[in-house]
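Descriptive analysis of the structure
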Amino acid sequence: MLTFTALLICLPALALCQAPDIDKVAGEVFAKADSNSDGNVVKTEMENYFLSFDRNNDSRISRHEYTERITEQYGHDPQLNHILHNLYDQLDINSDNHVDKVDIDGLFAVADADKNNQVAKAEFTTFFSKAVQTATAG
């Protein structure tokens, strides 16, 4: 259910290659989220990464805000947009049509497999790979 969040981060990069190396893409996304480059993503880093999509600074990401940001960064790709919108819907765990702190906290909890309040690159890569499989299957 929450696995698509990882996809939100990296699916735009997936669209850039015909046959993406999922682990490589996951690593690139992880590096963006790991703002202090210490090899772990803590909850505030995850929140800050997602909130960078928030155009109107209301602490929530609408589907429109997300779509605008992805389109600006990666152009328009109908297949990618379909996958990203499926992921967005999965991330919006409370179905309020916005991704906010509640949703991001849920994602973080799932990605933090060892429950040590930080997500290591290996945890993220595993989480991301499962999320990609889920999103592309739907």
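Residues numbered from 1 in each chain as written. Predicted model: local features only at pLDDT ≥ 70, side-chain atom pairs only at ≥ 80, totals over all residues. Heavy atoms only, no water.

This next bit is on the pattern of salt bridges. Tallied over the entire structure, the rule returns three salt bridges. With a shortest N-O distance of 2.9 Å, K101 and D105 are connected by a salt bridge. Highlighted residues: K101 and D105, both in helix α6 (residues 101–111), separated by four residues, approximately one helical turn. Judged by relative accessible area, which is 46%, K101 ranks as partly exposed. Through salt bridges that share partners, E47, K101 and D105 make up one connected network. (Salt bridge = Lys/Arg side-chain N within 4 Å of Asp/Glu carboxyl O. Helix = DSSP H or I, 4+ residues; strand = E, 2+ residues; numbered from the N terminus. Buried < 20%, exposed > 50% of the residue type's maximum accessible area, 1.4 Å probe, protein only.)

Before going further, it helps to examine the packing of helix α3 (residues 43–51) against α6. Their axes nearest at 10 Å, the elements α3 and α6 cross at an angle of 130°. Relative to α6, α3 is oriented oblique. As for the relative orientation of α3 and α6, their crossing is right-handed in sense. On the side of α3, the interface is formed by K43, M46, E47 and F50, while α6 contributes K101, I104, D105, L107 and F108. Looking at the contact of α3 with α6, its residues break down into five nonpolar, no polar and four charged. (Axes fitted to C-alpha atoms, helices over the stretch in contact; angles between N-to-C directions. Parallel < 35°, antiparallel > 145°, perpendicular 65-115°, else oblique. Left-handed = near helix turned anticlockwise from the far one by under 90°. Contact = heavy atoms within 4.5 Å. Nonpolar A, V, L, I, M, F, W, Y, C, P; charged D, E, K, R; others polar.)

Read these as spatial facts, not as claims about activity.
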